[in-house]
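# Close look at the chain arrangement
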2 protein chains.
Amino acid sequence: MTDDPRWLSTHELQAWMRLEAVAELLPAALDQQLQRDADLSHYEYLVLAKLSEAPERTLRMSGLAASTNATLPRLSHVASRLEARGYLTRVRSEDDRRATLATLTEEGWRKVVATAPTHVAEVRRLVVDRLTPEQVEHLDAIALAVLGALDPENRLEAQNPVVSPDDACGNAAG
Amino acid sequence: MTDDPRWLSTHELQAWMRLEAVAELLPAALDQQLQRDADLSHYEYLVLAKLSEAPERTLRMSGLAASTNATLPRLSHVASRLEARGYLTRVRSEDDRRATLATLTEEGWRKVVATAPTHVAEVRRLVVDRLTPEQVEHLDAIALAVLGALDPENRLEAQNPVVSPDDACGNAAG
DNA sequence: CTATGTTGGTTGTAGCGACAACACATGCCG
DNA sequence: CGGCATGTGTTGTCGCTACAACCAACATAG
């Protein structure tokens, strides 16, 4: 327990303050775009997106909560609203009658398909298109390193990318 | 208005998903550390820290709200709580009797001094110490680029670094 | 010196997320 | 089969933030 602060250098401090600002502003910006264009919160969109990528478009509540970094009560509330809006349905599992399976409805699927393009466009506008290809590589490595501390269990990481990994080039960035 | 999604490449998608995870987890992690060690929310700490750096340890509410990226109502509520806890005081400005000046109390100052070291240690543990010096430079440039879209007015950026800029090296990163 | 518009802050109201308490199913042990 | 610990979701309660309404102080015009 040394009380020695080991203060940050000028460069470290500046990089940190900027990262802090990004971490503060980015979620709000994404939320705003989705709210405006799709009447969905960022988290609601995430739930629908995860379901859309899952086999049978179905996931257990507990698994869905873990992969979206939410507590089970939070997911339960959100799922209630999304169910009321017709985007998903919940049924008891027959294998384990404690579990609840959430399934994306056809309408929910259409909602995701309609929402994704503008969301991706926003991601490009705010981040990807502002960076050089080298910076994208750097960002990937940096974020991976930071996630080593933030998410050691790797619960949020890369369950299954939407695109097939076949076209990945040989660059071993990680 | 092309509906062409311009989907993300494999590398772009991976870097984006990781950044998204960081932006999701980092604020929560900071909040948790401060709540645990200092019984302060991240935003409360930010308010106290900004005041501690200001001349006379005093700022106008409107300026404080802008520099902490908060709405005025939010700051007003938070200031009420912090005032009740003895960390700051609010007085009407004599120059402009519409304005309210928030001043850090001696107790508030001691709170910041006591809290900052562990907070910096957490920042090191989660981010800075996990990156090479080159990666810190990369992160700085990347975050700066992204902030160009997120915060074009530059309201959150570098009002006045805590350390004097004298020891800044000649590297023109911006 | 009033009348009007603008700026600066505070106080209600509504919605969302965290935490705790609760209900229900399962597994295990005797 | 009965009983308790564990796993899985749902339902209350509280605190915080956004938004809107409101109040007070300045600024300017006539």
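Treat the numbers as computed from the prediction; the structure is a model and nothing was measured. Every chain is numbered on its own, with residues counted from 1 as its sequence reads. Lettering for chains starts from A, numbering for ligands starts from 1, and both go in the order in which the items are written. Owing to the predicted nature of the model, reporting of local features is limited to residues with pLDDT of at least 70; listing and counting of side-chain atom pairs is limited to 80 or more, with chain, interface and lining totals taken over all residues. Side-chain measures here rest on the full set of heavy atoms in the structure, leaving out hydrogens and waters.

This part takes up the overall build of chain A. Of the regular secondary structure elements, chain A holds six helices and three strands. Here a strand is any run of E in DSSP of at least two residues, a helix any run of H or I of at least four, and the numbering for each starts at the N terminus. Ordered by position from N to C terminus, the α and β elements of chain A give α-α-β-α-α-β-β-α-α. Burial classification: accessible surface area is computed with a 1.4 Å probe over protein chains only, and a residue below 20% of its type maximum counts as buried, one above 50% as exposed, and the rest as partly exposed. A buried classification covers 45% of the 174 residues belonging to chain A. When checking whether two residues touch, look at their non-hydrogen atoms; a contact exists if any pair is within 4.5 Å. Long-range pairs, those at least 24 residues apart, make up 54% of the contacts in chain A with a sequence separation of at least 6. Note on areas: Shrake-Rupley with a 1.4 Å probe; residue coverage comes only from the protein chains shown. Accessible surface for chain A amounts to roughly 9200 Å². Of this, 52% is attributable to carbon and sulfur atoms.

Two numbers describe how helix α6 (residues 133-150) of chain A lies on helix α6 (residues 133-150) of chain B: the axes approach to 10 Å, and their chain directions differ by 115°. Seen along the crossing, α6 of chain A lies across α6 of chain B with a hand that is left-handed. Listed contacts from α6 of chain B to Gln135, His138, Leu139, Ala141 and Ile142 of chain A of α6 of chain A are Gln135, His138, Leu139, Ala141 and Ile142 of chain B. A per-class count over the contact of α6 of chain A with α6 of chain B returns six nonpolar, four polar and no charged. A fitted line through C-alpha atoms represents every axis, and for helices the fit uses only the stretch in contact; the resulting angles, taken between N-to-C directions, go from 0 to 180 degrees. By convention, the crossing between two helices is left-handed when the near helix turns anticlockwise from the far helix through less than a right angle, and right-handed when the turn is clockwise. Here the term charged refers only to Asp, Glu, Lys and Arg, the term nonpolar to Ala, Val, Leu, Ile, Met, Phe, Trp, Tyr, Cys and Pro, and the term polar to all other amino acids, Gly among them.

Surveying the vicinity of DNA strand C reveals 19 residues, the closest of which are Arg74 of chain A together with Ser62, Ser76, Arg90 and Thr100 of chain B. For this purpose, a residue is taken to be near a molecule or strand whenever a single non-hydrogen atom of the residue falls within 4 Å of it. For DNA strand C, the fraction of protein-proximal atoms (within 4 Å) that sit in sugar or phosphate groups is 80%. Here a polar contact is taken to be a pair of N or O atoms separated by no more than 3.5 Å, where protein atoms must pair a possible hydrogen donor with a possible acceptor and residues adjacent in sequence count only if both atoms sit in side chains. Between DNA strand C and Arg97 of chain A, the relevant distance is 3.1 Å, taken from a phosphate oxygen to a main-chain nitrogen or oxygen of the residue. Those elements that place two or more of their residues in the surface near DNA strand C are α4 (72-84) of chain A together with α3 (61-67) and α4 (72-84) of chain B. Within the surface near DNA strand C, the residues separate by chemical class into six nonpolar, five polar and eight charged.

With that settled, the discussion passes to the sheet that holds strand β2 (residues 88-92) of chain B. Residue and element names in this part refer to chain B. Strands pair, by our definition, only if DSSP identifies at least two bridges between them. Pairing is antiparallel in the open sheet, where three strands are placed in the order β1-β3-β2. Only two strands of the sheet have a single neighbouring strand rather than two, namely β1 (58-60) and β2. With direction set aside, neighbouring strand axes in the sheet form an average angle of 25°. Bridge count between β2 and strand β3 (residues 100-104): five bridges; the pairing is antiparallel. Residue pairing for β3: Arg90 is matched across the bridge by Ala102.

So, about the interface of chain B and chain A. At the interface, 65 residues of chain B touch 65 residues of chain A. By buried area we mean how much accessible surface two parts lose on assembly, using a 1.4 Å probe and totalling the loss over both. Taken together, the two surfaces of chain B and chain A that pack against each other cover about 6600 Å², and 71% of this comes from carbon and sulfur. On the chain B side of the contact with chain A, His11, Arg18 and Leu150 of chain B bury the most area, a combined 10% of that side's loss. A pairing counts as a salt bridge when a side-chain nitrogen of Lys or Arg comes within 4 Å of a carboxyl oxygen of Asp or Glu. There are six salt bridges connecting chain B and chain A. For Arg6 of chain A, the salt bridge is made with Asp129 of chain B, and the minimal N-O distance between the two is 2.7 Å.

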